[in-house]
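# Descriptive analysis of the structure
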Amino acid sequence: MTPWVKRLLIANVVVFFLQQTVPGLDRQFAFVPALFLARPWTILTYMFLHGGLGHIFFNMLGLYFFGPRVEARIGSPRFAWLYVVSGIAGALLSMLFAWNSPIIGASAAIYGVLLAFARFWPREQVLLWMIVPIEVRWLVLGFTLLSIFNGYQGSRGGVADFAHLGGFVGGFLYLLYLEKAQGAKRFKQKATAPTPAADAMLGNWRNVNRASVHDVNKDEVNRILDKISASGIASLTPQERLFLSNFVPPDDRTLH
């Protein structure tokens, strides 16, 4: 299990047990859009609260299944930001469309992680309801349409549909930011004339130690390095550069 997935799992479980023993915890830390200015901390704290055992179980199950591969792909600091940004985006969209509805739960943050998983592995199959095989890209599309429909129908059953949509939006925008930001760094580095052996994001990518790469990522690392050997580093997509940058020794990076 990757570092931030483990930390988030522990944090959510600990807070859930606190909810069972500390009276009034939900009232103080749930996000109520209409009370945001009076309780601004709730835009973060709400995503660690849950409404019952089933609620936390399925959220943490999603984090456990989708989180490690995403964290290994984009790196731990970026994964932590993906989680937080998606959760905040869920709260903000709820503020726009569900002003009087309190929300709790990690669902928005998990939806952001799910979107990132679908971005990198769109054709990966998962089991819907533990039975029906479905490609993850269609799962995201289905959840999006369902959240839009239910949200405009009034979000019955205590489901924060607009928070779910916000999680998708936040995850998408954060991944887009990573790609654009890294592109800007590459342009700046080129303008200041780096050495030929270095790349603005990847540094001396030749120093990647294939033997030390975890089995989960080894095939992808080998494929990208082989692509560089065959077609040059300019042939890499922004996603491939971002992925490979996680395996370049820190001292060998020019910009990161």
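The notes below deal with the structure included here. (Residues numbered from 1 in each chain as written. Predicted model: local features only at pLDDT ≥ 70, side-chain atom pairs only at ≥ 80, totals over all residues. Heavy atoms only, no water.)

## Points about the packing of aromatic side chains
Scanning all chains against the criterion turns up 12 aromatic pairs. When the ring of Phe31 is compared with that of Phe36, the centres are 5.9 Å apart and the planes differ by 55°; the resulting orientation is tilted. By relative accessible area, which is 0% here, Phe31 ends up buried. With a centroid separation of 4.9 Å and an interplanar angle of 50°, the aromatic rings of Phe117 and Trp121 are classed as tilted. (Phe/Tyr/Trp six-rings, centres within 6.5 Å; stacked < 30°, edge-to-face > 60°. Buried < 20%, exposed > 50% of the residue type's maximum accessible area, 1.4 Å probe, protein only.)

## Some words on the pattern of salt bridges
Applying the stated criterion to the full structure yields 5 salt bridges. Of the charged contacts, one joins Glu220 and Arg223 as a salt bridge, the two residues approaching to 2.9 Å between their closest N and O atoms. Residue Glu220 and its partner Arg223 are both found in helix H9 (residues 215–231); the two are separated by 3 residues, about one turn of the helix. For Arg223, a relative accessible area of 36% corresponds to the partly exposed category. Ionic contacts of the salt-bridge type, sharing partners, join the residues Arg73, Glu220 and Arg223 into one network. (Salt bridge = Lys/Arg side-chain N within 4 Å of Asp/Glu carboxyl O. Helix = DSSP H or I, 4+ residues; strand = E, 2+ residues; numbered from the N terminus.)

## A short note on the environment of Gly166
Along the polypeptide, Gly166 turns up in helix H8 (residues 161–191). Looking at Gly166, the relative accessible area reads 2%, which means it is buried. Separated by 77 residues in the primary sequence, Gly166 and Ala89 place their C-alpha atoms 4.9 Å from one another. Apart from residues lying up to four places away in sequence, Gly166 is in contact with Ser86, Ala89, Gly90 and Leu93. (Contact = heavy atoms within 4.5 Å.)

## A short note on the nonpolar core
Soluble globular proteins: nonpolar side chains tend toward being buried together. Counting residues in hydrophobic clusters, the biggest one holds 43 residues, and the most contacted among them are Leu63, Val70, Phe79, Leu82 and Tyr83. Of all the secondary structure elements, the ones that give two or more residues to this core are helix H1 (3–21), helix H4 (53–74), helix H5 (76–97), helix H6 (107–120), helix H7 (136–153) and H8. With 11 residues, H6 is the largest single contributor of residues to this core. If we skip the residues at most four places from it in the chain, Val70 touches Gly75, Phe79, Leu82, Val113, Ala116, Phe117 and Trp121. Ranked by size, the runner-up nonpolar core spans 11 residues in total, among them Val208, Val221, Ile224 and Leu236. (Core = buried A, V, L, I, M, F, W, Y, C linked by side-chain atoms within 4.5 Å.)

## Remarks on H4
A turn of α-helix holds 3.6 residues, and therefore any two residues three or four places apart point the same way. Between its first and last C-alpha, H4 extends 30 Å over 22 residues, near the 32 Å set by a 1.5 Å rise per residue. Maximum bend of H4: about 40°, positioned at Gly67, with proline Pro68 one to four residues after it. One or two steps after H4, the chain reaches Gly75, where phi turns positive at roughly 95°. (Expected span 1.5 Å × (residues − 1). Bend = angle between axes of the 7 residues up to and from the residue.)

## As for the side chain of Arg39
Turning to its location among the elements, Arg39 is positioned in the loop between helix H2 (25–29) and helix H3 (42–45). The charged side chain of Arg39 is buried without a salt bridge, its nearest counter-charge being Asp26 at 10 Å. Once you skip the residues sitting within four places of it in the chain, Arg39 turns out to touch Arg27, Gln28, Ala30 and Val32. (Lys, Arg positive; Asp, Glu negative; His and termini not counted.)

## Looking at the environment of Arg27
Looking at the element boundaries, Arg27 is found in helix H2. Along the backbone, Arg27 and Pro102 are 75 residues apart, and their C-alpha atoms lie at a distance of 9.3 Å.

## Points about the packing of H1 against H4
Relative orientation of the contacting elements H1 and H4 amounts to 170°, with a least axis distance of 9 Å. When the axis of H1 is compared with that of H4, the two are roughly antiparallel. Contacts between H1 and H4 involve Pro3, Trp4, Val5, Leu8, Leu9, Asn12, Val13 and Phe16 from the former and Leu53, Ile56, Met60, Leu63, Tyr64, Gly67, Pro68 and Glu71 from the latter. Residue composition of the contact of H1 with H4, by class: 13 nonpolar, 2 polar and 1 charged. (Axes fitted to C-alpha atoms, helices over the stretch in contact; angles between N-to-C directions. Parallel < 35°, antiparallel > 145°, perpendicular 65-115°, else oblique. Nonpolar A, V, L, I, M, F, W, Y, C, P; charged D, E, K, R; others polar.)

## A word on the layout of surface pockets
In this structure, the largest pocket occupies an estimated 1000 Å³ of space. Looking at the largest pocket, it is lined by 30 residues, and the ones nearest its centre are Phe58, Leu128, Trp129, Leu139 and Phe143. Classifying every residue of the lining of the largest pocket by side-chain character gives 17 nonpolar, 10 polar and 3 charged. (1 Å grid on protein atoms, 1.4 Å probe; cavity = no way out; pocket = protein on both sides within 12 Å on 5 of 7 lines; lining within 4 Å. Points joined across faces, edges and corners; volume = space filled by probe spheres on them.)

Keep in mind that these numbers describe shape and distance, not what the molecule does.
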